[in-house]
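Given next are the chains, with one letter for each unit.
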Amino acid sequence: MWISNAFAQAPAAGADSNGLMSFLPLVLMFAVLYFIMIRPQMKRQKETKAMLESLSVGDEVVTVGGIIGKVTALKDQVVTVEISAGTEVQMQKGAITTVLPKGSLKSA
């Protein structure tokens, strides 16, 4: 009595193109996500990997914890960093975030 009858609608003309158009926003969202988030992150990872591979003895570095020091020894995944005269710390290569320009340590 209070509920009206529901009738099926006839399919619209050009239903194939309508199906494709419904996926277009999803494809556009993925493309924007790729160019805004994924691509810059991959570029940053590539730069970090290149920086860690080019690390050499005598480089002045900043660690994840903010410690500034000079690299005194390198092994496969372990770096020895001198943080003050006679004080050396061993850490993983991944803990190095930045390589400073030469001479930065003396000016600090």
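Residues numbered from 1 in each chain as written. Predicted model: local features only at pLDDT ≥ 70, side-chain atom pairs only at ≥ 80, totals over all residues. Heavy atoms only, no water.

Turning our attention to a nonpolar patch on the surface. Among the surface-exposed residues, Phe30, Val32, Leu33, Tyr34, Phe35, Ile36, Met37, Ile38 and Met42 lie close enough to one another that they form a single nonpolar patch of about 900 Å² accessible area. With respect to the helices, strands and loops of the structure, phenylalanine 35 is situated in helix H1 (residues 15–53). Residue class for phenylalanine 35 comes out exposed when judged on its relative accessible area of 52%. (Patch = residues over 30% accessible without salt bridge, like charges linked within 9 Å, V, L, I, M, F, W, Y side chains within 5 Å. Areas by Shrake-Rupley, 256 points an atom, 1.4 Å probe, with all protein chains shown as cover. Salt bridge = Lys/Arg side-chain N within 4 Å of Asp/Glu carboxyl O. Helix = DSSP H or I, 4+ residues; strand = E, 2+ residues; numbered from the N terminus. Buried < 20%, exposed > 50% of the residue type's maximum accessible area, 1.4 Å probe, protein only.)

Spatially, 5 strands are ordered E4-E3-E2-E1-E5 in an open sheet, and the strand pairing comes out antiparallel. Bordering the open sheet on either side are strand E4 (87–92) and strand E5 (96–100), each of which pairs with just one other strand. Geometrically, the sheet is characterised by an average inter-axis angle of 45° between neighbouring strands, direction not taken into account. With 6 bridges joining them, strand E3 (residues 78–84) and E4 adopt antiparallel strand pairing. Bridged to glutamate 82 within E4 is glutamate 88. (Pairing = 2+ DSSP bridges. Axes fitted to C-alpha atoms, helices over the stretch in contact; angles between N-to-C directions.)

In the numbering adopted here, UniProt assigns the feature "transmembrane region" (unreviewed entry) to residues 20–38. With 100% helix and 0% strand, residues 20–38 has its two end C-alpha atoms placed 25 Å apart. (UniProt positions renumbered as here; feature names shortened; annotations may be inferred.)

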